[in-house]
Amino acid sequence: MVKDIIEILSFLKRNVKDFLTEEELKEKLLRKKVLRVKLGIDVTGPDIHLGFAVVLRKLREFQDLGHTACLVIGDFTAKIGDPSGRSKTRPKLSDEEIKENMKKYERQIFKILDKKRTEFYYNSSWHSKLKGDEIIEIASKYTVARLLERDDFMKRYKNNLPIYLHEFLYPLFQAYDSIMIKADIELGGEDQYWNLLVGRELMKEFNLEPQIVMTMPLLIGTDGKLKMSKSYNNYIGIEEEPKEMFGKIMSIPDELIIHYFQLCTNRREEEIREFERKLKEGENPRDLKAQLAKDIVTLYHSKEKAEEAEEEFNRVFKYKELPTEIPVFYSKERNIRLVDLLVDTNLLPSKSEAKRKIKEGGVYLNGERISDIDYQVIINKEIVIKVGKRKFLKVLPG
RNA sequence: GGGCAGGUACCCAAGUGGCCAAAGGGGGCAGACUGUAAAUCUGCUGGCGUGAUGCCUUCGGAGGUUCGAAUCCUUCCCUGCCCA
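For clarity, every value in this text was computed on a predicted model and none was experimentally measured.

1. A word on the overall build of chain A
Next, step 1: Helix and strand content of chain A: 18 helices and 13 strands.
Next, step 2: The C-alpha extent of chain A, read off along each of the three principal axes, is 80 × 50 × 40 Å.
Next, step 3: Within the span of chain A, comprising 398 residues, buried residues form 46% of the whole.
Next, step 4: Taking the contacts inside chain A whose residues are at least 6 apart along the sequence as the reference set, 69% of them involve residues at least 24 apart.
Next, step 5: Just so you have it, chain A exposes about 21,100 Å², and 50% of that area is on carbon and sulfur atoms.
Next, step 6: Side-chain charges in chain A split into 72 positive and 68 negative, and the spacing between the mean points of these groups amounts to 2 Å.

2. What to know about empty space enclosed by the protein
Next, step 1: Applying the stated criterion across every chain, the model contains one cavity of 30 Å³ or more.
Next, step 2: One number sums up the size of the largest cavity: a volume of about 40 Å³.
Next, step 3: Lining the largest cavity we find Ile135, Ile138, Ala139, Leu169, Leu172 and Phe173.
Next, step 4: Those elements that provide at least two residues to the lining of the largest cavity are helix H7 (132–139) and helix H10 (165–181).
Next, step 5: Among the residues making up the lining of the largest cavity, the classes are represented as six nonpolar, no polar and no charged.

3. Considering the domain arrangement of chain A
Next, step 1: Domain parsing of chain A yields domain 1 (2–216), domain 2 (242–318) and domain 3 (328–397).
Next, step 2: Placing a centre on the C-alpha atoms of domain 2 and another on those of domain 3 gives a separation of 33 Å.

4. Quick notes on the layout of surface pockets
Sizing a probe to match a water molecule and rolling it over the atoms shows the empty space that remains.
Next, step 1: Space inside the second largest pocket adds up to approximately 640 Å³.
Next, step 2: Every residue lining the second largest pocket is counted, 18 residues in all, and those nearest its centre are Lys243, Glu244, Phe317, Arg390 and Phe392.
Next, step 3: Elements that contribute at least two residues to the lining of the second largest pocket include exactly helix H12 (242–250) and helix H16 (303–318).
Next, step 4: Across the lining of the second largest pocket, the residue classes break down as nine nonpolar, two polar and seven charged.

5. Notes on the sheet that holds strand S3 (residues 68–73)
Next, step 1: Judged by pairing direction, the sheet is mixed, and its six strands sit side by side in the order S1-S6-S5-S2-S3-S4 without closing on themselves. Edge positions in the open sheet fall to strand S1 (19–20) and strand S4 (118–122), since each of these has one partner strand only.
Next, step 2: Packing of helix H3 (residues 50–64) onto the sheet brings it into contact with strand S2 (36–41), S3, S4, strand S5 (185–189) and strand S6 (212–216), and relative to S2 it is tilted by some 160°.
Next, step 3: Where helix H11 (residues 193–205) meets the sheet, it contacts S1, S5 and S6, and its direction lies at approximately 170° from that of S6.

6. Some points on the packing of aromatic side chains
Next, step 1: What the rule picks out here adds up to nine aromatic pairs.
Next, step 2: Of note, Arg150 hangs over the ring of Phe153, and the distance from its end group to the ring centre comes to 4.2 Å.

Basis of the calculations
Residues numbered from 1 in each chain as written. Chains lettered and ligands numbered in written order. Predicted model: local features only at pLDDT ≥ 70, side-chain atom pairs only at ≥ 80, totals over all residues. Heavy atoms only, no water. Helix = DSSP H or I, 4+ residues; strand = E, 2+ residues; numbered from the N terminus. Buried < 20%, exposed > 50% of the residue type's maximum accessible area, 1.4 Å probe, protein only. Contact = heavy atoms within 4.5 Å. Areas by Shrake-Rupley, 256 points an atom, 1.4 Å probe, with all protein chains shown as cover. Lys, Arg positive; Asp, Glu negative; His and termini not counted. Charge placed at Lys NZ, Arg CZ, Asp CG, Glu CD. 1 Å grid on protein atoms, 1.4 Å probe; cavity = no way out; pocket = protein on both sides within 12 Å on 5 of 7 lines; lining within 4 Å. Points joined across faces, edges and corners; volume = space filled by probe spheres on them. Nonpolar A, V, L, I, M, F, W, Y, C, P; charged D, E, K, R; others polar. Domains from an automatic or database assignment. Pairing = 2+ DSSP bridges. Axes fitted to C-alpha atoms, helices over the stretch in contact; angles between N-to-C directions. Phe/Tyr/Trp six-rings, centres within 6.5 Å; stacked < 30°, edge-to-face > 60°. Lys NZ or Arg CZ within 6 Å of the ring centre and 35° of its normal.

Structural data, given as structure tokens:
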């Protein structure tokens with residue numbers, strides 16, 4: 001029994017950044033059969049990306065060991081939004097929008113999680129009922145100095161940027177969630193560490209067994225610099241089309257290959273070491289990245305789709321051929337300026353932009369670069385337009 | 001409540017009467033090269049116009065002064081700091 005637990009612990013420790021504390025988890029595993037593993041879900045946008053998937057995958061590991069995933073939907077904060085109207089990351093959402101988002105979310109979440117061992121909680125169901133005196137009670141358990149410990153708050157404070165009072169309260173509300181669902185352990189990205197600790201502290205204040213805190217490293221986004229996030233637009237959604245997913249993974253900087261293998265695939269530790277060695281020995285990073293892309297597409301789609309995506313990628317970017325499927329636009333005009341056509345087809349947003357792209361040599365008609373901004377297009381048969389490396393459109397008379 | 005400092009394009013940030021569609025950086029896009037939608041280098045980055053020294057819209061909002069305003073004045077809104 002004890003030996004099993006040690007094995008389980010070392011399994012669970014893979015890809016973990018902060019773990020507070022291993023001893024407590026060991027003790028809980030010995031004492032309880034089923035742990036309640038909490039994960040907070042933000043409902044502001046409908047896409048789950050590979051970064052969040054790192055955490056979800058960890059949660060799945062707990063489920064596979066028989067534990068319960070307790071997903072706390074942050075609909076309360078989403079509904080309140082940001083009164084200052086400044087923060088784009090917290091737009092105010094209606095019940096309908098939240099429901100709509102949740103539908104899409106569930107579909108994606110269960111690509112990773114096990115439905116049978118998942119419970120959903122909407123935190124508005126308790127937060128909306130809190131009375132003023134109860135809120136004060138919660139607030140009285142924590143100090144401003146401790147709230148200011150949070151890096152993000154401290155930075156803003158030092159830089160004379162606004163910190164709104166409700167933002168100060170959010171961590172406490174989030175912590176209160178842990179109390180309401182009696183979490184044994186809470187998971188999150190490493191940037192959540194501080195928030196999760198508040199949960200731990202608050203639980204102690206309410207005379208509950210404090211939750212264990214476990215965070216996963218943040219996945220770096222496709223830009224190679226910032227954490228993967230919707231707001232930085234550097235993310236790869238787990239529901240993206242295989243081709244798109246494949247391409248996006250190919251576009252990550254080479255230095256991130258191992259990082260992604262580690263956090264986004266089921267490759268064993270030894271295999272990853274092996275890849276690392278190959279890279280050092282001068283193996284073409286392109287090939288390993290293609291392997292990575294296949295791994296990930298297989299995980300969220302299928303092996304077949306992954307292979308298709310690879311073929312397509314090679315066709316378009318390696319051999320510079322046309323993609324197999326090109327969207328079609330039927331043009332009523334038979335004789336039109338190229339600039340106008342580019343705008344009409346939505347390939348480019350404005351005529352100025354179209355002229356720029358033509359001047360830059362980024363526009364091709366049937367494989368031929370066009371550099372005359374006054375170019376007239378005669379549409380009497382199929383024409384394939386290419387803008388930049390990735391935009392293709394077939395234009396037919398219609 | 002009082003004093004002071006600020007609000008500029010997708011973001012950060014310079015500009016303090018005409019040479020401002022507005023420096024610089026980031027991001028984005030395009031090209032070259034390549035190993036790929038990697039890295040690096042180069043260019044572009046408000047809209048419209050037949051190509052440059054043309055027009056229209058944009059420097060928190062609304063008015064005003066001026067031949068001319070991001071820049072000056074009035075007023076309102078917002079943020080930070082200090083004092084109370």
